[in-house]
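Coordinate analysis (summary)
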Amino acid sequence: MDALSDILAPYSDDIAKFAGSVTCLQFLSGVFLLNDIRNKKSSDQYPADPFLGGIALTILSLKMGALMGDEAMIKVNVIGFAINVIFMVVFYWYASETFRSKIWSKIAMYFTFTLGCLAYANFEDPAKIEFRFGMIITAILVVLVGMPLLNLGKIIETKSTEGLPFPLILSGTIVAASWAAYGISIRNQVVAVSNSQFT
């Protein structure tokens, strides 16, 4: 990894810009789901988890960027947080009164989990926090990326991959690869290893 770090190090700023740009584009992928919701005039048949998970993940990644003192991560996650909050507001707007109560219970669950992770980050040993907090974020990413696989039985039964949207999978792979390259370029094993899980 040292040889690759030596090659990529002079380009770390460019890699960070590229990683940030493709990540922001991926954040905008929720527009397609919201357009479906707008056409159906209801969000009741869709889970709120991708947007709530996106909010939680960007808050935790923002904290990780602050722990590392990494300006690129901070900027991208501020943008991602804003986009996910806007998407969640639109999602909520199209929900029925019955479904809104379910959304509030999920918001409480995600809020409690996020608050717990942030509290942990404030009390953990500073020498260990970057690695351990990075692994928490990686676990959350695995759950969010793996959510479409919950429909795997239906996909096999119907012999249709509609539940596994190729553009989102491809963009997720590009985002993870670019952040892994950035982690290698700045010699940060947490960023490199956690993102290489998705490439």
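Everything that follows concerns the structure shown earlier in this document.
Quantities reported herein were computed from a predicted structural model and do not represent experimental measurements. In this convention, every chain numbers its residues from 1, walking through the sequence in written order. Selection of residues for local features in this predicted model requires a pLDDT of at least 70, selection of side-chain atom pairs for listing and counting requires 80 or more, and totals for whole chains, interfaces and linings are taken over all residues. Where side-chain values are given, they derive from all heavy atoms of the structure, hydrogens and water being excluded.

**With respect to the pattern of salt bridges**
Pairing is possible between side chains of opposite charge, provided their charged atoms come close. Stated precisely, the cut-off is as follows: When a carboxyl oxygen of Asp or Glu lies within 4 Å of a side-chain nitrogen of Lys or Arg, that pair is called a salt bridge. Helix and strand assignments come from DSSP, with helices taken as H or I runs of at least 4 residues and strands as E runs of at least 2, each series counted from the N terminus. The cut-offs for exposure are 20% and 50% of the maximum accessible area for each residue type, with area from a 1.4 Å probe on protein chains only; residues under the lower value are buried, those over the upper are exposed, and the others partly exposed.
Summed over all chains, the structure comprises four salt bridges. For E71, the salt bridge is made with K75, and the minimal N-O distance between the two is 3.2 Å. Here the residue E71 and the residue K75 both occupy positions in helix α5 (residues 71–93), the gap between them amounting to four residues, near one helical turn. By the burial criterion, E71 is exposed, and K75 matches it.

**Topic: helix α6 (residues 97–123)**
Let me state the cut-off plainly: To estimate how far a helix should extend, the number of its residues minus one is multiplied by 1.5 Å.
Between its terminal C-alpha atoms α6 stretches 39 Å, which fits the 39 Å expected from 27 residues at 1.5 Å a residue. Within α6, burial applies to F99, R100, I103, Y110, T114, C117 and A121.

**A few points about the nonpolar core**
Defined as follows: Remark: nonpolar core denotes a set of buried residues (Ala, Val, Leu, Ile, Met, Phe, Trp, Tyr, Cys) joined through side-chain atoms within 4.5 Å. What makes two residues a contact is simply this: any of their non-hydrogen atoms within 4.5 Å.
The biggest cluster of nonpolar side chains holds 39 residues, and the ones touching the most others in it are M88, F91, F133 and W179. Elements with a minimum of two residues in this core: α2 (12–27), α3 (30–40), α4 (49–68), α5, α6, α7 (126–146) and α9 (166–185). Residues contacting F133, with those up to four places away along its chain left out, are L60, K63, M64, L67, C117, Y120 and A121.

**Considerations on the environment of V85**
Along the chain, the position of V85 falls in helix α5. Taking relative accessible area as the criterion, V85 reaches 28% and is therefore assigned partly exposed. Sequence spacing of V85 and L52 is 33 residues, and the spatial spacing of their C-alpha atoms is 8.2 Å.

**Side note on a nonpolar patch on the surface**
In plain terms, the rule: To count toward a patch, a residue needs a relative accessible area over 30% and no salt bridge; like charges are then connected within 9 Å, while nonpolar side chains (Val, Leu, Ile, Met, Phe, Trp, Tyr) are connected within 5 Å. We get accessible surface area from the Shrake-Rupley algorithm with a probe of 1.4 Å; when it comes to residues, only the shown protein chains can shield them.
Taken together, the side chains of F18, L170 and I174 make up a nonpolar region of the molecular surface, amounting to roughly 260 Å² of accessible area. Counting through the fold element by element, F18 comes out in helix α2. We classify F18 as partly exposed; its relative accessible area is 46%.

**Re the side chain of D70**
To keep things clear, this is the line we draw: Only four residue types enter the charge count, namely Lys and Arg as positive and Asp and Glu as negative; His and the chain termini do not. N or O atoms within 3.5 Å of each other form a polar contact, as long as, within protein, one can give a hydrogen and the other can take it, and as long as residues adjacent in sequence are counted only when both atoms are side-chain atoms.
Note that D70 resides in the loop between α4 and α5. Within the buried core, D70 has no salt-bridge partner, and the shortest N-O distance to an opposite charge, that of K75, equals 9.3 Å. Side-chain polar atoms of D70 contact the side chain of Y182, separated by 2.7 Å. Once you skip the residues sitting within four places of it in the chain, D70 turns out to touch G65, Y182 and I186.

**Digging into the packing of α5 against α6**
Geometry of a packed helix pair, given as the angle between the helix axes and the separation of the axes. So the rule is basically this: In this analysis an axis means a line fitted to C-alpha atoms, helices contributing only their contacting stretch, and an angle means the value between N-to-C directions, from 0 to 180 degrees. Charged residues are taken to be Asp, Glu, Lys and Arg, nonpolar residues to be Ala, Val, Leu, Ile, Met, Phe, Trp, Tyr, Cys and Pro, and polar residues to be all remaining types, Gly included.
Put simply, α5 and α6 touch, their axes get as near as 10 Å, and they point 150 degrees apart. Counting all contacts with α5, which are made through M88, F91, Y92 and W93, the residues of α6 involved are F99, R100, I103 and W104. Of the residues in the contact of α5 with α6, the class split is seven nonpolar, no polar and one charged.

**Thoughts on unusual backbone geometry**
Here K41, not a glycine, exhibits a phi torsion of approximately 60 degrees, which is positive. For K41, a relative accessible area of 65% corresponds to the exposed category.

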